[in-house]
Protein chains: 2
Amino acid sequence: MRRSAADKARKLVKTTTSTRSLSSNSASHRPSPLVTPLPRFPLSPPPPSSNSSPLSQFALRFWTSLSSPSSDSMAPPPSSSLTVDTLNPKVLKCEYAVRGEIVTLAQQLQQELQENPGSHPFDEILYCNIGNPQSLGQQPITFFREVLALCDHPAILDKSETQGLFSADAIERAWQILDQIPGRATGAYSHSQGIKGLRDTIAAGIEARDGFPADPNDIFLTDGASPAVHMMMQLLTRSEEDGILCPIPQYPLYSASIALHGGTLVPYYLNEATGWGLEIPELKKQLEAAKSKGITVRSLVVINPGNPTGQVLAEDNQREIVEFCKEEGLVLLADEVYQENIYVPDKKFHSFKKISRTMGYGDKDISLVSFQSVSKGYYGECGKRGGYMEVTGFSPEIREQIYKVASVNLCSNISGQILASLVMSPPKVGDESYESYSAEKDGILSSLARRAKTLEDAFNSLEGITCNKAEGAMYLFPSIHLPQKAIKAAEAAKTAPDAFYCRRLLNATGIVIVPGSGFGQVPGTWHFRCTILPQEDKIPAVVSRLTDFHKGFLDEFHD
Amino acid sequence: MRRSAADKARKLVKTTTSTRSLSSNSASHRPSPLVTPLPRFPLSPPPPSSNSSPLSQFALRFWTSLSSPSSDSMAPPPSSSLTVDTLNPKVLKCEYAVRGEIVTLAQQLQQELQENPGSHPFDEILYCNIGNPQSLGQQPITFFREVLALCDHPAILDKSETQGLFSADAIERAWQILDQIPGRATGAYSHSQGIKGLRDTIAAGIEARDGFPADPNDIFLTDGASPAVHMMMQLLTRSEEDGILCPIPQYPLYSASIALHGGTLVPYYLNEATGWGLEIPELKKQLEAAKSKGITVRSLVVINPGNPTGQVLAEDNQREIVEFCKEEGLVLLADEVYQENIYVPDKKFHSFKKISRTMGYGDKDISLVSFQSVSKGYYGECGKRGGYMEVTGFSPEIREQIYKVASVNLCSNISGQILASLVMSPPKVGDESYESYSAEKDGILSSLARRAKTLEDAFNSLEGITCNKAEGAMYLFPSIHLPQKAIKAAEAAKTAPDAFYCRRLLNATGIVIVPGSGFGQVPGTWHFRCTILPQEDKIPAVVSRLTDFHKGFLDEFHD
C-alpha cells in the first residue's frame, strides 16, 4: 500500500510536468485581441527602483534564482501600475528576518543538495532559525491529534473500529466538542470570536492557571498569535506619531506589524548583563524620549518568556511593569505564547492578568491583552495556526470595534480553535490518555531543557561568545565578539557583520541561525538567535559543527 | 458512550460556572499595590465619543446587552488611552454588514429562544445572511474529510482497522500528501506560500481547468480568500489618493479592506436591468471621474460569479474587462471563489487567467490575481479557512514583496492547505471514492440550483419585489420597492429603510437576511441579500414565512 502510493505520487508529478510543457507551447501562439483595443491613456510606470538597499538586492537575486527556470528574466516589467516605486511604502519598510535572506539562501542550498548530493560540505540543512519544533522531528501529542482527526471526520465516531484506533477519552472529548458546535458543523464559519463552547473551555483553563476569573466573551480565537498582534496594532496605530514600546531584542513580528500599520517602534533595551532584565528606569527613559519627539506612546509589548532572549520575568518585575502601564495609561500587550516553556526550577510562569489581579487591579484599572498560541509550548503545533487573545480592560465601544475587525475575516480555522481549547484543557488524572499524554509532554519539556543547557554551555565555551541562560521559550541569543577584520569583510560584502557570520556558518555547516540585527541589539554589539529545537541525537553534531566553524572563522579573521 | 459524553460536557460547564463565581468573589478583595506607584503623568483620556452614528449606537446597545451578566455596565471607562476617539479612524470607518447589526440581533433572539422557548413567533433562527452552507445542514464531502482526518493523525495509517473505516483512495491520498510535506510534519510551519507539493497539485488543477500552464511558484496559500484580499489591498494602497474600482453592489470584504488600508473605493455600478451586467462604459466613466478627483486608480475588482448578485459573466464581457485592465495598467483582482457554483446550462465559468491567455496576453501584459477558497463551491468548508491566490504578471521585485508580507504570518493552516489541494484535485474516474464523491457533489449542486430557482420565483411573486436570476454563487439580491410610509417609519427609527425591513422580518420570522445598504446599491433603490442555503426541506417554510411577512408589511405600510 505504502509503496504504491508513493509511486502514484511520483506519477502525478510527472503527469503535471508534461501537461505544463504541453500547455507552454499552446501559450506561445498569440492570437490578436478579440475586442477593439481601448484608447490608451498616458500611463508611464516609473522604471524599477535603482536605490534599493544592497540587502534587498541580495534577497531579490535569490528570489529570481529560485523562480521557475521557464520564466524569462530578461523580459521588461509588466504593464501593471504596481512597481516597487508605487507600492505601499509601509510594505517596503517592513522586515522579517526569521524568514529573510539567510532562509532564502538555505532553501537554495537545500534544493542544490537534492539535485546534486555532495555539492556542499554537509548532508542536510538544519533549520535553527525558527521555533518550528515538528519540522525538526518533534512528534505531536497523540491525544490532541486523535481529537482533531475525530472532529474532522465525525462519521467514524460511532463505528466499532474507531474504539480500536482511538483512546476512549479522545472519542469522548470529540463528542463533547461536537456538542459545543452549533449543528456539529465543524465545516461552518463560527462566531467571529470563535466557538462559544471552546471559549468556555479556554476561559476555564485560564481560571485554573491563574486562580482568577476569565470571561469567554474576552477570548478572541485567532489563526495563531500573529493575526491577533496585527489586530491590536491596527487598532492602536493612527499615524507614525503613535508609538509602541517594544523590547530590543524583540521578535520581529512586532517591528514588522508596526511598520505595516505605519506606527513607530519605541525601543526599550533589555539588559543583557542582568540576564536580559527588563528595567523600569529604561522604560521611563524611552517613554520620555519618545514623548519629547512628539510620539504618543499607546502600548507596551512584553514577551514573557522572552523571544529571542529566553528570560523568564520575576514576579516583582511583572508587578512593576503592570504599575507602569497603569500609571501611563498604556495598553499592556503580553506575548505569553511560551508560557509552558520554562526550563529552570527557580522560575515559574505568571500571566500578566494574574499579576494585575493579585495587585487588586481589575478591568477598570488596566487594559491588557494576553496572546497565546498552539504553536509553542510542549505541543508545538505551528502548522495548525491556532491561538487566542484574552482582551480585558477595554470599554464596550472598543470591544465592539475589536469584534468588528475580527468579523471582517469571519473566524479563525476550526481545527486551530479546537486545538487551542485542548492545550488549555489537556487530559486529567484518571483519563485513559493521561499517562501517555504526561509522558509525551514531560519527555519533550525535559529534553528541551537538556538541549538548552547543552547549547548554552557549548556557546559559552567558544572564544568571544557569551550566552545567557535559556530560562524559557525556545531560543538562545548569544553575544558574539567579531574581530575587526570580519567586520571589514562584512562591510566589503555589503552585509551586516552578524549576517556575514550567519551566512558563512550556513555555507560551511548547513546550520541556519538568524543574525541579531533582525531582532535589534545595542549598537556595536552582535548576536544571533539559535533555536534549541534540533532533536537530541543531533545536538552533538550541531555543537561540533558550530565549534569547528567558529574556530575556523576566528583563525581566518583574527585581528 | 454518546450519552455519557454529553453528561460529562454538561458537568464540565457546571464546574466552570461554579469556579467562575467563586473566583469572582476572590477578585473583589483588593490588596494595595505591592510597589510604590510611579509619578503620574498628566494623561486625561477624552470622554467616550458622543457623536457616534445612530447605527453604531444601536450595535453598541446589542453588544452591551450580550455581554456577560456579571459585567458592571455602570463602571467608568478603564484608564487605558485607547478610546473610540483615539482609535485608528480607519477601523472606525470600516463596516461589515454580513456580520453586522442584524446578525447581532439574531444572536440575541437565539439566546432568548434557548432560555425561554416560545418567547418569539418562531422556533429557530434561519441564517440566510452568510454563505455558510454547513451551518445550515450541508454535509461535508466524505473523501475530503477522510483525507484530512488521516493527515491529522497519520499514526493510524498503518493500522488494519483503518482499512475498514476509510476508503482506499483516501488512505493513498493521505500518504501521497504526507510524502509532499518535509518530514511528514503536518504540525510544522510550511513554506510561507504553502507546501510546495500541494502547490504543484493546485497548479496542475488550474492547468486542467484552464488549459494553460500554471506555476506553483505563483500560488500563495492563505487562510481562506479574505487574508489574500487584504494582502493585495495592503500592497496597492499608499493613501486615500489610491483607488480600487469595485462593483456596486459588492461583497463588503472589499469596502472593509479598502477602509482598513486607508484607500478609496471607486464604485462602478452593475446594471440590474441587464441581469447585473458589468458594462465597460460605466467602468471608463467611473475611472475618469476618479482621475479628475486626483485619485490614482490601481486595480479593478471583479467578482465572478457575482456576490451578492449571482450573475455569471459572459466570455466576451470578460475579454473586454481584460482589455480594459491591460490598457489602463490596472491590477485585475478576480474573486473567483464561486467558480464551482453555476446553476444555469447556458453559462460556464472561465477564469480571467484563461481568458487573458486565450487573448494571447501573458505575464508581461497583465497583472492578475485570482482568489479561490475552500469555503464555497459544492464543498462549503468555511470553517477550514483554506484558499489561495494565483499571482501572475508582477515583476520579481513585487513578487519578493508579496512573499515578504506572506512570511510575516509564517504560513496558512496546513489542513486548509491540504483541503485547497483536494478541491483542485478531487477523486477521478476509477478511484474507489469517485462514485460516492460524484453523487455527493452532484446532489449538493443540483439541490442548490433548485433552491435558487424556488426562492427566485417566490421573490418575483411578491408585490414590489423583482429578482434577477441566480446564475451562480449562493445568493439572491432582490430589489424591493418600499412604500413611503415604511421609509418614513425607518427614518423615525433612525435606520436605513432596507435595514428596517430586514429587522422587521427577523423579529417576525427568525429569518436573517442582509440589507442592500451593506453591499451598496443605486441611491434610492433598496435590496437585500438572501442566501440560497437553507436545506431543501426548509425552503417551503422559508417561502411561506417570507410571503406572509411581506404581505403583512405592505398592509401595515401601504401608501
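Residues numbered from 1 in each chain as written. Chains lettered and ligands numbered in written order. Predicted model: local features only at pLDDT ≥ 70, side-chain atom pairs only at ≥ 80, totals over all residues. Heavy atoms only, no water.

Chain A carries the name alanine transaminase in an unreviewed UniProt entry, which gives Rhododendron simsii as its organism. Of chain A, the UniProt comment under Sequence similarities (unreviewed entry) reads exactly: "Belongs to the class-I pyridoxal-phosphate-dependent aminotransferase family. Alanine aminotransferase subfamily." Looking at chain A in UniProt, the text filed under Cofactor (unreviewed entry) is "pyridoxal 5'-phosphate". (UniProt positions renumbered as here; feature names shortened; annotations may be inferred.)

### Focus on the packing of aromatic side chains
Within the structure shown, the criterion is met by 37 aromatic pairs over all chains. Aromatic pair Phe477(B) and Phe519(B): ring centres 5.6 Å apart, planes at 80 degrees, arrangement edge-to-face. Taken together, the residues span a long stretch of sequence, with Phe477(B) in the loop between strand 10 (475–476) and strand 11 (479–480) and Phe519(B) in the loop between strand 13 (514–515) and strand 14 (528–531) at a distance of 42 residues. Owing to a relative accessible area of 2%, Phe477(B) belongs among the buried residues under this scheme. Grouping aromatic residues by their ring pairs yields a cluster made of Phe459(A), Phe500(A), Tyr501(A), Phe528(A), Phe549(A), Phe553(A) and Phe557(A). Lying over the aromatic face of Tyr475(A), Arg529(A) brings its terminal NZ or CZ to 3.9 Å of the ring centre. (Phe/Tyr/Trp six-rings, centres within 6.5 Å; stacked < 30°, edge-to-face > 60°. Helix = DSSP H or I, 4+ residues; strand = E, 2+ residues; numbered from the N terminus. Buried < 20%, exposed > 50% of the residue type's maximum accessible area, 1.4 Å probe, protein only. Lys NZ or Arg CZ within 6 Å of the ring centre and 35° of its normal.)

### Section: the pattern of salt bridges
Applying the stated rule across the entire model yields 41 salt bridges over all chains. We note a salt bridge from Glu536(A) to Arg450(A), for which the minimum N-O separation is 2.6 Å. A residue pair is termed long-range when its members are at least 10 positions apart, and Glu536(A) in the loop between strand 14 (528–531) and helix 19 (539–557) and Arg450(A) in helix 16 (residues 434–460) qualify at 86 residues. Overall, Glu536(A) belongs to the partly exposed group, its relative accessible area being 32%. Judged by relative accessible area, which is 43%, Arg450(A) ranks as partly exposed. Between Arg319(B) and Glu315(B) there is a salt bridge, and its shortest N-O distance comes to 3.3 Å. Here Arg319(B) and its partner Glu315(B) are both found in helix 12 (residues 315–328), 4 residues apart, which amounts to about one turn of the helix. Given a relative accessible area of 15%, Arg319(B) falls into the buried group. A network of salt bridges, in which partner residues are shared, links Arg238(A), Asp242(A) and Arg298(A). (Salt bridge = Lys/Arg side-chain N within 4 Å of Asp/Glu carboxyl O.)

### A short note on the domain arrangement of chain A
By a widespread convention, an interface's size corresponds to the accessible area lost as its parts come together. Residues and elements named next belong to chain A. For chain A, the domain assignment lists domain 1 (90–137 + 437–557) and domain 2 (184–424). Inter-centroid distance (C-alpha atoms) of domain 1 to domain 2 is 27 Å. Taken residue by residue, the interface counts 38 residues in domain 1 and 38 residues in domain 2. Taken together, both faces of the contact between domain 1 and domain 2 bury some 3000 Å²; the carbon and sulfur share is 58%. It is Asn468, Glu471 and Ala473 that lose the most area in domain 1 upon contact with domain 2, and together they represent 20% of the buried surface on that side. Taken together, domain 1 and domain 2 are joined by 1 salt bridge. A salt bridge links Glu471 to Lys347; the nearest nitrogen and oxygen atoms lie 3.1 Å apart. At the boundary of domain 1 with domain 2, the tally comes to 17 residue pairs in polar contact (both at pLDDT 80 or more). Counting residues per element, the side of domain 1 that touches domain 2 draws most heavily on helix 16, at 6 residues. The residue inventory of the side of domain 1 that touches domain 2, partitioned by class, reads 21 nonpolar, 10 polar and 7 charged. (Domains from an automatic or database assignment. Contact = heavy atoms within 4.5 Å. Buried area = accessible area lost by both parts, 1.4 Å probe. Polar contact = N/O pair within 3.5 Å; in protein donor to acceptor, adjacent residues only side chain to side chain. Nonpolar A, V, L, I, M, F, W, Y, C, P; charged D, E, K, R; others polar.)

### What about the nonpolar core?
Among soluble globular proteins, nonpolar side chains are generally buried collectively. The biggest cluster of nonpolar side chains holds 343 residues, and the ones touching the most others in it are Leu300(A) and Leu300(B). Among residues more than four places away in sequence, those in contact with Leu300(B) are Leu245(B), Tyr268(B), Leu283(B), Ile321(B), Phe324(B), Cys325(B), Leu330(B), Val331(B), Leu332(B) and Leu333(B). (Core = buried A, V, L, I, M, F, W, Y, C linked by side-chain atoms within 4.5 Å.)

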